[in-house]
Amino acid sequence: MPFLIESYKRIQKELSDHHVTLVAVTKTKSVSDIMEAYNAGHRDFGENYVQELVDKYETLPRDIRWHFIGHLQSNKVKYIAPFVHLIHGVDSEKLLQEINKQAAKINRIIPCLLQVHISTEETKFGLDEQELDTLIKKIEMNTAAWKNVAIKGLMGMASFTEDNDLIRSEFKYLGSLYDRNAQYSILNIQYSILSMGMSADYRFGIEAGSSMVRIGSLLFGSRN
């Protein structure tokens, strides 16, 4: 299914009214589909797999802002470090260390979001509240050791469920963690992004204070 331009216009208007950034999720979508969105004026695109992201980066216009939104393995960081705009799913200190290391090699500062595990599903990734606090304190105590990453905020994925109250409570919890940590304003921790909400639940994310949503199927139809 090609890019759904009317759906895009409707969603973009809704999000702009709330000052929320749209990341168009293009996993498995063709270059021609992405170019339809690009020609409509969109520039923020999200990919879940490293190789697919690299291939599309090489093929598509260079003013696209590429977001890596999937589970990132440490050994694959080097492939996207030169160009990635924002890494959404930093779910461990080990991964953040590798991003910092690869960014230092090419004299970049890579913007990152720390992923918090907020859902009831164990299969989803993310830091728990204690791990988040520990990592933030570690960075705060030695900013020079982390000078090639910039912590821009938090990301979380709600449970895959039809229980809307549960989704709302999970997003509210993440919003409270964001608000608590937004006080930090040091060299490499400056919160400005709360990424929560996808095609099925983005309105609940906005209710809870999301400033960035990741939407795919509402823009491009179901995945292949």
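Description of the structure in this document. (Residues numbered from 1 in each chain as written. Predicted model: local features only at pLDDT ≥ 70, side-chain atom pairs only at ≥ 80, totals over all residues. Heavy atoms only, no water.)

As for the overall build of the protein
Move 1: When helices and strands are counted, the protein shows 9 helices and 9 strands.
Move 2: Its C-alpha atoms give the protein a radius of gyration of 17 Å, near enough to 17 Å, the size a compact globule of 224 residues would have.
Move 3: Dimensions of the protein along its principal axes, counting C-alpha atoms only, are 50 × 40 × 30 Å.
Move 4: Looking at the protein as a whole, 52% of its 224 residues qualify as buried.
Move 5: A separation of at least 24 residues holds for 61% of the contacts in the protein among residues at least 6 apart in sequence.
Move 6: When the accessible surface of the protein is split by element, carbon and sulfur atoms take 50% of a total near 10700 Å².
Move 7: Between the averaged position of the 26 positive side-chain charges in the protein and that of its 28 negative side-chain charges there is a distance of 6 Å. (Helix = DSSP H or I, 4+ residues; strand = E, 2+ residues; numbered from the N terminus. Rg over C-alpha atoms; globule rule 2.2 N^0.38 Å. Buried < 20%, exposed > 50% of the residue type's maximum accessible area, 1.4 Å probe, protein only. Contact = heavy atoms within 4.5 Å. Areas by Shrake-Rupley, 256 points an atom, 1.4 Å probe, with all protein chains shown as cover. Lys, Arg positive; Asp, Glu negative; His and termini not counted. Charge placed at Lys NZ, Arg CZ, Asp CG, Glu CD.)

Remarks on the nonpolar core
Move 1: Core analysis: the biggest nonpolar cluster contains 62 residues, and Ile80 and Leu154 have the highest contact counts within it.
Move 2: Sort the elements by how many residues they give to this core and helix α7 (residues 164–181) lands first, with 5 residues.
Move 3: Counting residues in each nonpolar core, the second largest holds 6 residues, with Val23, Leu86, Met155 and Ile193 among its members. (Core = buried A, V, L, I, M, F, W, Y, C linked by side-chain atoms within 4.5 Å.)

A closer look at the side chain of Ser74
Move 1: Looking at where Ser74 falls in the secondary structure, it is placed in the loop between β3 (65–68) and α4 (77–80).
Move 2: With sequence-adjacent residues up to four places away left out, Ser74 is seen in contact with Lys94, Leu95 and Glu98.

A word on the environment of Pro2
Move 1: By the secondary structure assignment, Pro2 is in the segment before α1 (5–17).
Move 2: Taking the C-alpha atoms as reference points, Pro2 and Gln190, 188 residues apart in sequence, are found 37 Å from one another.
Move 3: Not counting chain neighbours up to four residues away, the residues in contact with Pro2 comprise Asp33, Glu36, Leu219 and Phe220.

Some thoughts on the packing of aromatic side chains
Move 1: The final tally for this structure, using the stated rule, is 5 aromatic pairs.
Move 2: Here the aromatic rings of Phe3 and Phe220 are separated by 5.4 Å at their centres, their planes lie at 50°, and the arrangement is tilted. Residue Phe3 is located in the segment before α1, and its partner Phe220 is located in helix α9 (residues 217–220); the two are separated by 217 residues in the primary sequence. Phe220 shares its class with Phe3; the two are buried.
Move 3: Through successive ring pairs, a cluster of aromatic residues spans Phe3, Tyr8 and Phe220.
Move 4: Between the NZ or CZ atom of Arg43 and the centre of the ring of Tyr38, over which it lies, the distance is 3.6 Å. (Phe/Tyr/Trp six-rings, centres within 6.5 Å; stacked < 30°, edge-to-face > 60°. Lys NZ or Arg CZ within 6 Å of the ring centre and 35° of its normal.)

Honestly, that's just the spatial picture; any functional story needs more than this.
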